[in-house]
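Observations on chain architecture
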Number of protein chains: 2
Amino acid sequence: VSDRQRAAAGGPPALAEIFAGPAARATPSPIARTLELVERTPGMVSLACGNPASEALPVTEIAAACAAALADPERALQYTSPRGLIQEALAAHLLRDGVRARADELLPTTGAIQALALLAHALLREGDVVVTEWPTYPVNLASFRTHGARTIGVPMDEEGMRVDLLDRLLSTLAHDGQPPKLIYTIPDAQNPTGITMSRARREALVETAARHGVLVVEDAPYRRLDFQGEPLPPVAALAREEAGSEARVALVGSFAKTVAPGLRVGYLLAPSALIDAAVLLKQGEDFCTSGLLQLAIASLIQDGTVARQETRFAAVHAAKLGAMQAALETEMAGLPVRWIRPRGGLFLWLTLPEGMDSEKLLERAIAHRVAFIPGRAFYPPEKAGPDGVPARTPPAVHTLRLNFSYPPLADIPRGIAALASALREML
Amino acid sequence: VSDRQRAAAGGPPALAEIFAGPAARATPSPIARTLELVERTPGMVSLACGNPASEALPVTEIAAACAAALADPERALQYTSPRGLIQEALAAHLLRDGVRARADELLPTTGAIQALALLAHALLREGDVVVTEWPTYPVNLASFRTHGARTIGVPMDEEGMRVDLLDRLLSTLAHDGQPPKLIYTIPDAQNPTGITMSRARREALVETAARHGVLVVEDAPYRRLDFQGEPLPPVAALAREEAGSEARVALVGSFAKTVAPGLRVGYLLAPSALIDAAVLLKQGEDFCTSGLLQLAIASLIQDGTVARQETRFAAVHAAKLGAMQAALETEMAGLPVRWIRPRGGLFLWLTLPEGMDSEKLLERAIAHRVAFIPGRAFYPPEKAGPDGVPARTPPAVHTLRLNFSYPPLADIPRGIAALASALREML
């Protein structure tokens, strides 16, 4: 008897009907969807993904690091403690950014996304409030929402999150008995806007969050991918300068954009009580992060590869951004679009005239053999108003994200020209 | 102002107080706890862990597989689709066991634990019922409970889960309007009991679950680690023989015990609707499994290493079980303990006289320099009675799990002698 026959006979519900809360609420990442489309379409210039430049991947160094790790098969190939093996190397890595961390404040994770997911698991209950930037990274936004969180975005300007509005929002939420569980920020070359939060704004964020007693979660995948070679201090460094280990700050670290996404090693820096909770949850999620890949990352930190790769990726990405900027200036001349030139990272955020829908533009763009990520998915459902009152706000659908790090340099002018053609058709 | 000062001044709650449902409910794995103790104690014979034999790890083959994977840096080192890269290799691997699977029914995961966690995320809501064996594997049991599930164990005999009791339990639960979301079973060399479910029992399980319309989740980490060299057909194969892709069965596969735990690659075979839900959730958990490690596993499947290693690990583990069996017969002669000799896997389950507490025995055993896992953690809070009515039942604390795969062969007699000394002191 098949499920269908059984259901027709009034038997148990169809399998898809038994999916509970989280799965029912999970939404497909627009990034994953567009990437699948790009993979299936030959000749497409993809400005859609979040990959670093393939030509700058340290393949030889990674091969050597894997070989070195396998020289210690007991640690590389057996289970490791869920707490991980490489906290010392991670502490040394963070010290370069002025962050002093103890081993019990650090957890190696299976990519930075797992670090964020563990925080969400640990902290969020149905209806809890999470404050993010407006717009923000959709995969983690979806993770907050999968855990039942109410997400509210704070508008940004060229210096990053508008902390004055955040302050008012936190007062409003406290007054309503709904203080947020955490403030999620990507201060360096934000995804998707490319905006880097200014030093003054970082200091204001730390002061404001501390005054309201709210945890700041700093997501730092684009850390040190600064094209001016002058990365600003991490929010975590500023917060811990004052309050040390008692600071209500967590930092989610990544090696995906400075070594390689495929190694899936990231880390969480957080107060030790939160690390303890994350370790317990990690046991049930994947028990431990691959010892082999943990040891490989530690060896790449120790032999200087990570520091060298930061510079190398930044140089390659800066050259590609230069090509994109030049192409935009040429191809978009006279068209009603604007953008902020980022000082680092992987993304450039393009704003079309209000009233245009970048999802419609994508359909045309794909016909012209270029892909990007439409802005819609980057917006939480609520936005903090000028008075600090959150309100349901439609996404700014006249925005879109362009990636400049992954496409071959030579494809960028062609991609931007194709985008301009699609845009001209729409206007 | 520190958190403590703020809390004293009536400010926001202490950080640990803001942990929500899942973290507050997560419990430390007794395995992780005991492993940390063992690591800190020199000279300890550990019969506590769940590692395969270090001396049989295919280090050279893994090094070659990593090097081969890195020859394709684009797939090994960039992000992969959350759906994974190696479904074809996994399908070929499953075909050896008579399971025919399509790519859309397969998902490579970050270890088998993630496959189980994704199922739990997808299916479980607060108060949902999960049926397991009594006793069962504590990490996954904790995962069910972290998701708010009510867990009920079905007693086992030498043929595995008592499916007659399961049938009655399912009727009772259906009558109470509480049909379980899933039945979780480890049919091959179960953790912790070492019992292999008989073929007749497998068939009865498939028939019973299908009749009640309940999903069976088969956890198969010890698959083909059969010392008789005659592994029984997977429950999934029997279920799909009849109902094909419509069968309500999921199989959680692992390479941790046949290749190496440190690679953290496992997989999920499930109806495609459930795979789709798992893929969405996986994006928020770790986005994708390491391309490097996926490709390494695929190459180890294709070059025959996996099949060779199944035989090699089985032989090494069988020799160690032989040593343990001989030591038990000698050292425990005249002592009131009993055990079932497993036909595969990693574990031997020891039963002490009723009234004894194996946690107390562990304290003494550690003084004698031997460690094991006490039985307490392996029991769900409720047990199905002979009438099929579930009842809260205290764990059988007079049981304990001995691992025979990991300790060096020469240490096993010493470990069992130490255990017997500790036991004699207790009696």
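Presented here is a report on the structure given in the accompanying data block. These numbers were taken from a predicted model, which means no experiment stands behind them.

Within chain A, the secondary structure is distributed over 16 helices and 16 strands. Against the globule reference of 22 Å for 427 residues, chain A gives a C-alpha radius of gyration of 22 Å, in line with a compact fold. Once the C-alpha set of chain A is aligned to its principal axes, its extents read approximately 60 × 60 × 60 Å. Classification of the 427 residues of chain A by burial places 65% in the buried group. Once local pairs closer than 6 in sequence are excluded, the contacts in chain A between residues at least 24 apart make up 76%. Within the structure as shown, chain A displays about 14,500 Å² of accessible surface, and the carbon and sulfur contribution to it stands at 53%.

Right, let's get into the packing of aromatic side chains. Residues and elements named next belong to chain B. Counted under the stated rule, the structure contains 16 aromatic pairs over all chains. Ring centres of tyrosine 79 and phenylalanine 287 lie 5.7 Å apart, and the angle between their planes is 75 degrees; this geometry places the pair in the edge-to-face category. A residue pair is termed long-range when its members are at least 10 positions apart, and tyrosine 79 in the loop between helix H5 (73-77) and helix H6 (87-95) and phenylalanine 287 in the loop between helix H12 (272-285) and helix H13 (291-302) qualify at 208 residues. Geometrically, the ring pair formed by phenylalanine 144 and tyrosine 184 is edge-to-face, given 5.4 Å between the ring centres and 75 degrees between the ring planes. Pair noted here: phenylalanine 144 is in helix H8 (residues 138-146) and tyrosine 184 is in strand S6 (residues 182-185), with a separation of 40 residues, a long-range link. Tyrosine 184 shares its class with phenylalanine 144; the two are buried.

This part is about the sheet that holds strand S11 (residues 347-351) of chain B. All names here are of chain B. The strand order across the open sheet built from 4 strands is S10-S11-S16-S13, with neighbouring strands paired in antiparallel fashion. Where the open sheet ends on each side, the last strands, each with one partner, are strand S10 (338-339) and strand S13 (373-374). Examined bridge by bridge, S11 and strand S16 (residues 399-403) share 5 bridges and lie antiparallel to one another. Bridge pairing links threonine 351 to threonine 399 in S16.

Before going further, it helps to examine the pairing of strand S4 (residues 150-157) of chain B. All names here are of chain B. The buried fraction of S4 is high, at 6 of 8 residues. Summarising the sheet, strand S3 (residues 129-134) and S4 pair through 6 bridges and their orientation is parallel. If you follow tryptophan 134 over to S4, its bridge partner there is proline 155. Inspection of the sheet shows S4 paired to strand S14 (residues 382-384) by 2 bridges, in the parallel sense. The residue bridging glycine 153 from the neighbouring strand is lysine 383, located in S14.

All names here are of chain B. For the structure shown, the criterion picks out 52 salt bridges over all chains. Residue aspartate 411 is joined to arginine 414 by a salt bridge in which the shortest nitrogen-to-oxygen separation is 3.4 Å. One end of the pair, aspartate 411, and the other, arginine 414, are both in helix H16 (residues 411-426), 3 residues apart, so they sit about a helical turn from each other. On the accessibility criterion, arginine 414 (46% relative accessible area) is partly exposed.

Another aspect to go through is the packing of helix H7 (residues 111-123) of chain A against H12(B). Relative to each other, H7(A) and H12(B) sit at 100 degrees, their axes nearing to 7 Å. One element, H7(A), and the other, H12(B), form an angle in the roughly perpendicular class. Across from A:Ile113, A:Gln114, A:Ala117 and A:His121 in H7(A), the residues of H12(B) making contact are B:Gln283, B:Gly284 and B:Glu285. Split by residue class, the contact of H7(A) with H12(B) holds 2 nonpolar, 4 polar and 1 charged.

Another aspect to go through is the sheet that holds strand S16 (residues 399-403) of chain A. Residue and element names in this part refer to chain A. Taken together, 4 strands build an open sheet; the order of strands is S10-S11-S16-S13 and the sheet is antiparallel. The open sheet has two edge strands, strand S10 (338-339) and strand S13 (373-374), and neither has a second partner. Contacts between helix H14 (residues 305-331) and the sheet are confined to S10, strand S11 (347-351) and S16, with S11 contributing the most and set at about 20 degrees to the helix.

What counts, and at which threshold
- Residues numbered from 1 in each chain as written.
- Chains lettered and ligands numbered in written order.
- Predicted model: local features only at pLDDT ≥ 70, side-chain atom pairs only at ≥ 80, totals over all residues.
- Heavy atoms only, no water.
- Helix = DSSP H or I, 4+ residues; strand = E, 2+ residues; numbered from the N terminus.
- Rg over C-alpha atoms; globule rule 2.2 N^0.38 Å.
- Buried < 20%, exposed > 50% of the residue type's maximum accessible area, 1.4 Å probe, protein only.
- Contact = heavy atoms within 4.5 Å.
- Areas by Shrake-Rupley, 256 points an atom, 1.4 Å probe, with all protein chains shown as cover.
- Phe/Tyr/Trp six-rings, centres within 6.5 Å; stacked < 30°, edge-to-face > 60°.
- Pairing = 2+ DSSP bridges.
- Salt bridge = Lys/Arg side-chain N within 4 Å of Asp/Glu carboxyl O.
- Axes fitted to C-alpha atoms, helices over the stretch in contact; angles between N-to-C directions.
- Parallel < 35°, antiparallel > 145°, perpendicular 65-115°, else oblique.
- Nonpolar A, V, L, I, M, F, W, Y, C, P; charged D, E, K, R; others polar.

Keep in mind these numbers describe shape, not what the thing actually does.
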